[in-house]
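Here's the letter readout for the chains.
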Amino acid sequence: MTYRQPVLDTSPHVSDEVRKTTCYMCACRCGINVHMKGGKVAYIEGNRDHPVNKGVLCAKGSSGIMQVTAPSRLRAPLKRVGPRGSGEFQEISWEEAMTIATDWLAPLRKTAPEKLAFFTGRDQSQSFTSWWAQSYGTPNYAAHGGFCSVNMAAGGIYTMGGAFWEFGQPDWDHTKLFILFGVAEDHDSNPIKMGIGKIKTRGAKVVGINPIRSGYNAVADDWYGVTPGADGLMILAIIHELLKAGKVDLDYLAMWTNSAGLVNSEEGPEKGLLLRDSDGKMLVIDRTTGQPAPFDQKGVRPDLGAVWQGHRTVFQHMAEKYLSPDYAPEKVAARVGIAAERIKGLAAEIARVAFDEAIELQQPWTDFRGERHETMVGRPVSMHSMRGISAHSNGFQTARALHVLQILIGSVETPGGFRFKPPYPKPFDAHPVPHCKVTPGAPLDGPHLGYPRGPENLALKEDGSPARIDKAFSWENPLSAHGLMHMVISNAHAGVPYKIDTLLLYMANMAWNSTMNTRQVIEMLTDKGEDGEYVIPRIIYSDAYSSEMVAYADLILPDTTYLERHDCISLLDRPICEADGAADAIRWPVIEPDRDVRGFQSVMLDLGARLGLPGMVKDDGTPKYADYADYIVNHERRPGVGPLAGFRGNGDSFGRGAVNPDQLKRYIDNGGFAINHVPHEAQYYKPWNAGYQDWAVSIGLYDKPLPYLFSVYSEPMRRFQLAAEGHGTRQPPEHLRAQLKMAMDPLPAWYAPFGDAEAAEYPIHALTQRPMAMYHSWGTQNAWLRQIHGRNPLYLPTAIWKQHGFSDGDWARVTSPHGNITVPVALMAGLNEHTIWTWNAIGKRKGAWALDADAPEATKGFLLNHLIHELLPPKGDGLRWANSDPVTGQAAWFDLRVKIERVEPQEQTLPDFPVIKSPVPKAPRNRLWGGEK
Amino acid sequence: MHPAPSVIVFTVLSGLGFGFLAYLGLGLIAPTGLNAFLIYGLAYGFAVIGLAASTFHLGNPQRAWRAFTQWRTSWLSREGWTSVITLLVMAPVALMAIFVGFPSATLGYPGAAMALITVFCTSMIYAQLKTVPRWNHWTTPALFMAFALTGGAILSGMTDLAVALCVILAVLLVVGYALGDGRFVQRGSTMETATGLGRIGKVRLFEPPHTGTNYLMREMIHLVGRKHAARLRVISILFAAVLPALALLVLPASIATIGFAVALHLIGAFAARWLFFAEAEHVVGLYYGAR
Amino acid sequence: MTELPPKSKKKLGLVIDLDICVGCHACVTSCKGWNTENYGVPLSDMDAYGADPSGTFLNRVHSFEVQPPAGPAQTIHFPKSCLHCEDAPCVTVCPTGASYKRAEDGIVLVNESACIGCGLCAWACPYGARELDQAAGVMKKCTLCVDRIYNQNLPEVDRVPACVRTCPANARHFGDLGDPDSAVSVMVAERGGMDLMPELGTKPINKYLPPRLKDRPAAKPVTAIADIEATGIAGWLDRLLEKF
Ligand SMILES: Nc1nc2c(c(=O)[nH]1)N[C@H]1C(S)=C(S)[C@@H](COP(=O)(O)OP(=O)(O)OC[C@H]3O[C@@H](n4cnc5c(=O)[nH]c(N)nc54)[C@H](O)[C@@H]3O)O[C@H]1N2
Ligand SMILES: Nc1nc2c(c(=O)[nH]1)N[C@H]1C(S)=C(S)[C@@H](COP(=O)(O)OP(=O)(O)OC[C@H]3O[C@@H](n4cnc5c(=O)[nH]c(N)nc54)[C@H](O)[C@@H]3O)O[C@H]1N2
Ligand code: SF4
Ligand code: SF4
Ligand code: SF4
Ligand code: SF4
Ligand code: SF4
Ligand SMILES: [Mo]
């Protein structure tokens, strides 16, 4: 009998139309093809032409359809009618909402603009929101970088004029050894996965350094289960080994870094700064003449071993420091949690690949000194890291140590190493300095955030007290380049350094997973003064969904979802560039909202116009921009330079060019992005490559070429140390002098993370990791993703599991110096034996996110945040020290120390909070038709 | 496997019904008239209720007729055919017994054969599954047949045969439980073979693919407590075989005694069948760390 | 129909590289997305926002830990969908003929309009590759994206399964495993591609590439250029810079 089978149509209709825009479920910002059927979103896939993701998508991006149809979407502006935290709201019109906001903000601007604090969370429009805040005139603006990884960003920028984050990438095509420090997911989510896939497919080696062996560390060929907070020590031990064996790139150090700079040895206010000529150029000793010469002189051959009039080179200081037996692998092994033999082995492997397997590209280039080079030499060892290093109180110094390691082997901006993405490289001194001068009724005197060169750039008031509500750029954390979002609510509540009136928050779930010490923050938000008024009088919040934070605001400005609005991912803040191209992108409304919601940026332009903010109104006082789309196209920061670089002028210009009214259409036709490729001869050695510098000027990244040397030795840091030693007019308070002297070491140093002070009673390190399939709190409303991560166990290593006699199904009570939680546990063998961990932000508040109150996220899920505090436990000196990096103010999430005890299986995790009333209707029970219902 | 009430009712009652029908077809009891109506009605009742129950777990019972199409390969399809044929073939037998006064041996013998084949087919639905090692064994058809024959014999009031079959059933149950416990290991599927990772070392589940449940876990991963299972095993043997035999031996032969013995037997049969499902481990559990 | 067809020459399937799967679940949701809109009834999610959400997925990613005799435990992310077995027990048990293996390329499919939802095929599958949709009552399984791989309405590069197209790490490969010269067959040969539960005789078409050797012994340490304790930093520096 012949085989019969049904007749199948293997070419069914796929979609009516494909609309290309940009994903928003994380900061990676991949290009997406949105397939439309019957006017609705049918299916989302990656855009193959897109520079970021080249067609692939992650789990979140692929389930965007469940995000734009989530029942938790807010429906209209909300005015609070019950007490804060009750969740009782009344839906109001936009006109009423805008009137309320204007009535609150207009008088403040006239009298005391600093009483508005505007902080943004997962903001992808920072160049716009910061411009708005500057125009309003408040010094109190920042985005979320202070939570995140300012250590990584600032450590990178101060050391080498660029950072990891999404601002740089390993040379995936050439690298032979990739070393990953402490990354679970990162912002560059898809490129990292693509890169790891690429190098592993090629058979090259991936090394994972992480207390936890999951995700990227699971595929790592070699895993080093470091004890948290000790990477700096391990890196310095590797540097010790490399120096000992002379396995460093002397030529690179001499030519492209300040290693040959001469450190002033004379006692006094200049001690420890680098010698400069009368033009302010760093001096080196030229090997050919033996005489001092400016570093950028043509033909100069800087001498790393020079001693001139008693001043020794940076290189000698460095060698002296790191060759000390204090950094010998044997000495550090115990604290690092890795055997000396393995640390040495890793150092040897780095040396072998960097020097024995060096590569050479036949690509001539010319350096900034005017010398031509016939080839590009590559040291194919690449490194990457993020919050594993960053989110510790010694994170800035550790980040510097890591970059110095990369620099020592000559692997930054060389083939096979680490490459910057435009607009980087950009040295710290090409960035603005912070501004904080308030003039009622007028804009701020300049941009809020920046890179201080020394104490003179701190954001302090006349009386020396912090000018900003988050105390950024104060002596407590001088280089806090991204602000300190995690301190805003507690400082505002304490009225220190001063009281504020209105807190305007955008896209940050501050009443839940993005604060330390969640319960107390909730109390601060609801706390009333003796007058019966809330201590933080007014809170305006923009969210698109029914998050925990919504319940704690007085006025809610409901945003659209990412497929319903215009957006611009701009070269002015965090663009989508790749190492070989400058690129930016847009979002555009591929569907129209079916609710009374508006894009936040358009709302802010409207509000700005109502407040008459400069730049947002015409001379006659009418609004300058109809909406955000209008702004994206027509706004100019500098003549010819606007939010979008692509298709300027008549449509052919990139970077610089007149406003093009057709610009958005051109972006849409091009798949939602624009890219301009770096010329071949400019692909590597970018900070010193004349070809790159010229290209960067041509597209408006800089106004003139900006070649510079890497700062192995950091002079800005030394300037703060000098102040702490008593030099200069701006002096730190007495209690901070010792901390500054220690933390502002101009050569990378390691000190124990502050959490270690509690080690005796709380021996265990507790960490969180990003799940790849969830974005912070907001993936939970996605019915597909919440099936993957609907609850989170606390993972324990075998040693702790056995020691306490845990078995499957058990729960534990975990206690830190600040509180305790009771949670379910599970075993993980591939885990540092002093470390426990859980997935981040899975636990949810009952009543939020349009979930049933008995959702597993709320009954079995939990946050570690209840154990963390924005302040360190009292030390008995009468002061409360911040749980932050003393250099940048980076929140030290991962310094957490705990102890653990076994408890019987429970039904409910603790702490358990009362149900909040949902501002949106109950969700339908079942999802039967994908996006159609 | 999940001990779904519908499949338990299906296999127990249809087994009992078809077992009873076999005795009727063979003419080992030959009721007539109203008696025949009641007795055949009882046999048909068990069989039909059982078959009907089997459709409760279908996602689309309205298409159940399609289950007849694949008799060449599918035991479920075969079971469909044989059960319908049995019921059809036995119908004239029953009608003759009721209205004519004697059953038809010409149709009765084939009917009896078909009834037993039906029970065999039912058992093969489970016994064929390599994925459930405990079932994938001769004890499965043996037990299904033994249950059908024992239940039928009790219903038929054939005390001696019933007692003898009770003994056989009890022995088979003991053997089935004993052999069943080792089947999974004998089959050789482990987390190491399931993942192919045994070449590296010992495998354990770190994270399941999702934190909630899914169809597979509900359907195929069911864990019974050891103590609970042991208790039920004893109950099943006692009630399915030992107590009915004792009842038949001790109590005076009567309809009431038969009814009592059948009731005891059914309790045991349900317990045994619940365990049959509940103790059966599907290899898919290996992917969920359930072993 | 439920009989297996004569063995086809073309054997389409997936090759999954366990050495580089990072466990991101992208293949899980892209599969869900595509198959909710395409082949057969949409994949439902019951109690989607409630206490016990449970939906139909055709591809799921498990995570295992493996403890080698020496060295630290290894974590391995393990995606799993239908393996399109050559001797597919799920097909032969099906009473309705709804389950079938395509004669031309070996893809195992369910003809949903003939499926009664008895679940037997899911019981017969060792790999947990079939899930009965709780709303529609029909059996769902990986279709190998049969409605993509031949689809004339898609550009040729996109005629690959949704999960393969989306995988960021490039851990999933699609091709003809019946052709020994195909890229996937070559990969399987070079990397020792393996079958899951070979003892059950299902002869899966999909192959898994095993993780490469991990945690190799530490490399030999570098040797110092000078005895720093003896020569001091100055001696070390001389030695270092003399070759510069
Ligand atoms: N899917 C997804 N992607 C995201 C996000 C998300 O929520 N979901 N969030 C985005 C945001 S805002 C951020 S900031 C980035 C963060 O991206 P990541 O930097 O990847 O941040 P985490 O997930 O916190 O992972 C921190 C990692 O560091 C390790 N670690 C902790 N302490 C140490 C240590 O002392 N040493 C070493 N070597 N490792 C350590 C932890 O084990 C963990 O693997 O991710 C972004 N991308
Ligand atoms: N324990 C622990 N806590 C941590 C961390 C950790 O590693 N461990 N990581 C910290 C870090 S690095 C970060 S960045 C923070 C992140 O924490 P948050 O910045 O609070 O991030 P989300 O939870 O994603 O909250 C963002 C809010 O934006 C809303 N939203 C989503 N889409 C839109 C939109 O289109 N428009 C508007 N207006 N709103 C929208 C969401 O509904 C949600 O309420 O968490 C911090 N908290
Ligand atoms: S990594 Fe995922 S969530 Fe982030 S932008 Fe890309 S596809 Fe979207
Ligand atoms: S994996 Fe399962 S469903 Fe797929 S062909 Fe094999 S037995 Fe059938
Ligand atoms: S569930 Fe459907 S496909 Fe599976 S065996 Fe039953 S009828 Fe066949
Ligand atoms: S081939 Fe298609 S149906 Fe199968 S797992 Fe991949 S995406 Fe899902
Ligand atoms: S998409 Fe690729 S890397 Fe991610 S889980 Fe699936 S197979 Fe693994
Ligand atoms: Mo972050």
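It should be emphasised that the depicted structure is a prediction, and the values quoted were computed from it without experimental measurement. (Residues numbered from 1 in each chain as written. Chains lettered and ligands numbered in written order. Predicted model: local features only at pLDDT ≥ 70, side-chain atom pairs only at ≥ 80, totals over all residues. Heavy atoms only, no water.)

**Examining the packing of aromatic side chains**
To keep things clear, this is the line we draw: We call Phe, Tyr and Trp rings a pair once their centres come within 6.5 Å, taking the six-membered ring for Trp, and we label the pair stacked below 30 degrees between planes, edge-to-face above 60, and tilted otherwise. Numbered from the N terminus, helices here are DSSP runs of H or I no shorter than four residues, and strands are runs of E no shorter than two. Per-residue accessibility, obtained with a 1.4 Å probe over protein chains only, is compared with the maximum for each type, and a residue is labelled buried under 20%, exposed over 50%, and partly exposed between these values. In this scheme, Lys NZ or Arg CZ marks a charge over a ring once it lies within 6 Å of the ring centre and within 35 degrees of the ring normal.
Under the defined criterion, the tally for this structure stands at 61 aromatic pairs over all chains. When the ring of phenylalanine 315 of chain A is compared with that of tryptophan 236 of chain C, the centres are 6.1 Å apart and the planes differ by 20 degrees; the resulting orientation is stacked. Of this pair, phenylalanine 315 of chain A sits in helix 11 (residues 314–322) while tryptophan 236 of chain C sits in helix 7 (residues 228–242), on two different chains. On the numbers, 5.4 Å between centres and 85 degrees between planes, the contact of phenylalanine 418 of chain A with phenylalanine 420 of chain A is edge-to-face. Phenylalanine 420 of chain A matches phenylalanine 418 of chain A in its accessibility class, with the two residues each being buried. Of the aromatic side chains, those joined through ring pairs into one cluster are Phe164, Tyr252, Trp256, Phe295, Trp365, Phe368, Phe418, Phe420, Tyr685, Trp688, Tyr708 and Phe710 of chain A. Across the ring face of tyrosine 224 of chain A, the terminal group of arginine 342 of chain A is positioned such that the distance to the ring centre comes to 4.0 Å. In this arrangement the basic side chain of arginine 148 of chain C is found over the ring face of tryptophan 34 of chain C, its NZ or CZ atom lying 4.6 Å from the centre.

**Remarks on unusual backbone geometry**
Residue and element names in this part refer to chain A. Look at the link from proline 422 to proline 423: it is a cis peptide, with omega at 5 degrees. Assignment of secondary structure puts proline 423 in the loop between strand 22 (418–420) and helix 16 (485–494). At the junction of valine 496 and proline 497, the peptide bond is cis and its omega measures out at 5 degrees in the coordinates. Mapped onto the elements, proline 497 comes out in the loop between helix 16 and strand 23 (502–506). Even without glycine at this site, lysine 54 takes up a positive phi of about 45 degrees. Mapping lysine 54 onto the fold places it in the loop between strand 3 (40–46) and helix 1 (59–62). In this structure, glutamate 413 is a non-glycine residue whose phi angle is positive, near 60 degrees.

**Considerations on the sheet that holds strand 24 (residues 538–542) of chain A**
Residue and element names in this part refer to chain A. Which entries qualify depends on this criterion: Strands are treated as partners if at least two bridges between them are detected by DSSP. Residue contacts are counted whenever heavy atoms from the two residues lie within 4.5 Å of one another. Only the stretch in contact is used when fitting a helix axis, every axis being a line fitted to C-alpha atoms; angles between N-to-C directions are given from 0 to 180 degrees.
Pairing in this open sheet of 7 strands is mixed, and the strands run 5-4-25-24-23-6-7 from one edge to the other. Edge positions in the sheet fall to strand 5 (89–91) and strand 7 (141–142), since each of these pairs with one other strand and no more. With 2 bridges connecting them, strand 6 (residues 116–120) and strand 7 associate as parallel partners. Counted as the bridge partner of phenylalanine 118 is tyrosine 141 from strand 7. In this fold helix 18 (residues 600–610) packs onto strand 6, strand 23 and strand 24, with an angle of close to 150 degrees to the strand it touches most, strand 23.

**Considerations on the layout of surface pockets**
Residue and element names in this part refer to chain A. The test is simple: For each structure, a 1 Å grid was placed over the protein atoms alone; sets of points admitting a 1.4 Å probe that cannot get out are labelled cavities, open sets with protein on both sides within 12 Å along at least five of seven lines are labelled pockets, and lining residues have an atom within 4 Å of a point. Grid points are joined across faces, edges and corners, and a volume is the space filled by probe spheres set on the points. Put simply, Ala, Val, Leu, Ile, Met, Phe, Trp, Tyr, Cys and Pro go in the nonpolar bin, Asp, Glu, Lys and Arg in the charged bin, and everything else, Gly too, in the polar bin.
A volume near 1200 Å³ is recorded for the second largest pocket. Lining the second largest pocket we find 42 residues, and of these Lys426, His431, Pro432, Leu572 and Asp573 sit closest to its centre. Listing elements by their share of the lining of the second largest pocket, those giving two or more residues are helix 4 (126–136) and helix 6 (150–160). Tallied by class, the residues present in the lining of the second largest pocket amount to 23 nonpolar, 13 polar and 6 charged.

**What to know about the interface of chain C and chain A**
Accessible area lost on assembly of the parts is the figure often given for the size of an interface. Where we set the bar: Two parts lose some accessible area (1.4 Å probe) when they are put together, and adding that loss for both gives the buried area. Take a side-chain nitrogen of Lys or Arg and a carboxyl oxygen of Asp or Glu: if they are within 4 Å of each other, that pair is a salt bridge. Any N or O atom pair separated by 3.5 Å or less is treated as a polar contact, with the protein-specific requirement of one donor-capable and one acceptor-capable atom, and with residues adjacent in sequence counted only for side-chain atom pairs.
Each partner contributes to the interface: chain C provides 89 residues, whereas chain A provides 96 residues. Interface area, chain C with chain A, both sides summed: about 7600 Å², of which 59% is carbon and sulfur. Counting the surface chain C buries against chain A, the share from its top three residues, Tyr49, Arg165 and Phe244 of chain C, is 12%. Applying the counting criterion to the chain C and chain A interface returns 7 salt bridges. Its salt-bridge partner being glutamate 45 of chain A, residue arginine 148 of chain C comes within 4.0 Å of it at the nearest N-O pair. Our count for the contact surface shared by chain C and chain A stands at 41 residue pairs in polar contact (both at pLDDT 80 or more). For the side of chain C that touches chain A, the secondary structure elements donating two or more residues are helix 1 (26–37), strand 2 (45–46), strand 3 (54–55), strand 5 (74–80), strand 6 (99–101), helix 4 (146–149), helix 5 (162–166) and helix 7 of chain C. Here the side of chain C that touches chain A takes 9 residues from helix 1 of chain C, the largest share from any one element. Per-class residue counts for the side of chain C that touches chain A are 49 nonpolar, 20 polar and 20 charged.

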